[in-house]
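Coordinates in review
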Amino acid sequence: MEGVGRVDKTEFTECWRTSWKTPYIMRLAFSAGLGGLLFGYDTGVISGALLYIRDDFKSVDRKTWLQETIVSMAVAGAIVGAAIGGWMNDKFGRKKSILVADFLFFIGAIVMAVAPAPWVIIIGRIFVGLGVGMASMTSPLYISEASPARIRGALVSTNGLLITGGQFLSYLINLAFTRVPGTWRWMLGVAGIPALFQFILMLSLPESPRWLYRKNKVDEARAILENIYPAEEVEEEMKALQSSVEAEKAEEDSIGDDIISKVKGAWSNDVVRRGLYAGITVQVAQQFVGINTVMYYSPTIVQLAGFASNKTALALSLVTSGLNALGSIVSMVTVDRYGRRKLMIISMIGIIVCLLALTVVFHESSTHSPSISRFESGHFGGNSTCSSYLTASDASSWNCMTCLKASSECGYCATSPNKYLPGACLKVNDATKGVCGAEHRVWYTKGCPSKIGGLAVALLGLYIILYSPGMGTVPWIVNSEIYPLRYRGIGGGIAAVSNWTSNLLVSETFLTLTEAIGSAGTFMLFAGFSFLGLIAIYFLVPETKGLPFEEVEKMLEKGYRPSICSKEKDAKKMDVNPSIS
């Protein structure tokens, strides 16, 4: 079945050639894709803002679960937003769903910017999450339905580019506001500006032509298609829509129109169920490779690798987010040329290799961190030394990592000028941090000085390069084109909910996992999940490159088998009848 649906080679240049001749297509894609920019900004900005929220609210700094909650409540909101978005897309249309998402983005940004306490930040994050969940499925769906099949993948990839571009922008904004009073308030509040901009743009754009046709607004659908397709292709597209909608209306009469009936109907329909197997698989796999631990906690991971400074951590994190945006451009160039399935499989293999390498690097960093010196610890006075170190029976064997893991009240003050020599294990408070800094020493609370910390950052960059063109953008493309029109909203909603649920599990447990099993063990766990994801993608996800929506339906009606299964089946036929050539 891998060979099904081969089309004339469609390259990235075809997308730009078509868009140049018909700029209306790019206008639709860019305006809807701003939802992706907001999605990327609001998921990326918290990684840097969290560093300064911890400084302003000591309760957040002391409690890992509170840090995880501030980060993950946007994800929890996104789960609800994706579920509601699926229903809203089918009931009210793609355009109105995007407008509602913009409103939620704007309100959430304002609430976070003025938050007087951590719980208010959490409420703002929930509002933002609702918008993220709706935008995550609506923007690619709108672009997909307003794009010619031959360049659909490249145009939907613009949404992926804007997501990663939004994440990159969030790191730039974070760096820009590090010296401004209010730091994190500005970082979080700026998100209201692009939300307002997209809201205004979307007011002037039409509804999805496919949704309009589904609602019997045939003339309106035709008018939009005439702006998208060459004149000679409009009638062919209208006939395809008519055939598809008639079949779906006949099916609707038998299953009902409410959301519960739709979900039941989706799972009972062979075509939709097979599409959901593929759509849910790629969305869950996208999260369980651990990508959002990098995007949400990137500065923290950099600190775990041995870079203590907030500004240094943000600057190095900017490199990883920039590579993520670059990878999205690579996806736009390659997704319609090489196909969705191939990009995802190559991406997953590269991800697994990087995660295993990160496991080794973080294990070595932890094992060979600088030792603790009783003399250095006593240098700052007995009242400054961490009590866990003073009472430990094996204190002579302690190193920096042992000190940090012993208690949330223990920090490490490196020796100056050589930070790799034995240092001090001290109490975590502003006084000891200040005394440590006064002697031009570096203060560590998350990670330890490491000679191979730079290698960890390089591997994170390589991980992003391999993730972004494949698993970063392709799952959203697959989900925008693998369901029949009648179930496209509900199918995309179910898959998006699975994505955000997986995201929530990963983001809510990452810091806890690093404390419980260490950074090395956490990355090893993600490598194992990635291997399972690779197997699932190989057996469940078909190639949809260049196929009209109706052809995707026909392919799923027959059922999908990967090429190895097809070859085995053909071999058996040859054994039964050797004359077959």
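Residues numbered from 1 in each chain as written. Predicted model: local features only at pLDDT ≥ 70, side-chain atom pairs only at ≥ 80, totals over all residues. Heavy atoms only, no water.

Details of the environment of V120
Mapped onto the elements of the fold, V120 is located in helix α6 (residues 118–145). C-alpha separation for the pair V120 and I70, spaced 50 residues apart in sequence, amounts to 9.8 Å. Among residues more than four places away in sequence, those in contact with V120 are V111 and A115. (Helix = DSSP H or I, 4+ residues; strand = E, 2+ residues; numbered from the N terminus. Contact = heavy atoms within 4.5 Å.)

Concerning the state of the cysteines
Inspection of the entire model under this criterion finds four disulfides. With its sulfur 1.8 Å from that of its partner, C386 forms a disulfide with C410. In this pair, C386 sits in the loop between α18 (374–379) and α19 (387–391) while C410 sits in strand β1 (residues 410–413), placing the two residues 24 residues apart along the sequence. Exposure remark for C386: the relative accessible area of 2% places this residue in the buried category. Taking the relative accessible area as the measure of exposure, C410 reaches 2% and is therefore buried. A sulfur-sulfur separation of 2.1 Å characterises the disulfide bridge that pairs C403 with C425. Its S-S torsion of approximately 90° makes the covalent link between C403 and C425 right-handed. (Disulfide = S-S within 2.5 Å. Buried < 20%, exposed > 50% of the residue type's maximum accessible area, 1.4 Å probe, protein only.)

Re the confidence of the model for the protein chain
Residues with a pLDDT of 70 or more make up 89% of the protein chain, whose mean pLDDT is 81. Taken element by element, the protein chain is modelled with least confidence in helix α26 (residues 563–576), mean pLDDT 45, and with most confidence in strand β2 (residues 424–427), mean pLDDT 93. Confidence over residues 1–11 falls short of pLDDT 50; this stretch has 19 contacts with residues more than four positions distant or in other chains. A low-confidence stretch, residues 566–581 (pLDDT under 50), is modelled with five contacts involving residues beyond four sequence positions or located in other chains. (pLDDT = per-residue confidence, 0-100.)

Structural notes on a nonpolar patch on the surface
A cluster of nonpolar side chains, W267, Y277, I517, L525, F529, F531, L532, I535, F539 and L540, forms an exposed patch at the surface whose accessible area comes to about 900 Å². Sort the elements by how many residues they give to the nonpolar patch and helix α24 (residues 488–540) lands first, with eight residues. Residue position: W267 is located in helix α13 (residues 259–268). Looking at W267, the relative accessible area reads 35%, which means it is partly exposed. (Patch = residues over 30% accessible without salt bridge, like charges linked within 9 Å, V, L, I, M, F, W, Y side chains within 5 Å. Areas by Shrake-Rupley, 256 points an atom, 1.4 Å probe, with all protein chains shown as cover. Salt bridge = Lys/Arg side-chain N within 4 Å of Asp/Glu carboxyl O.)

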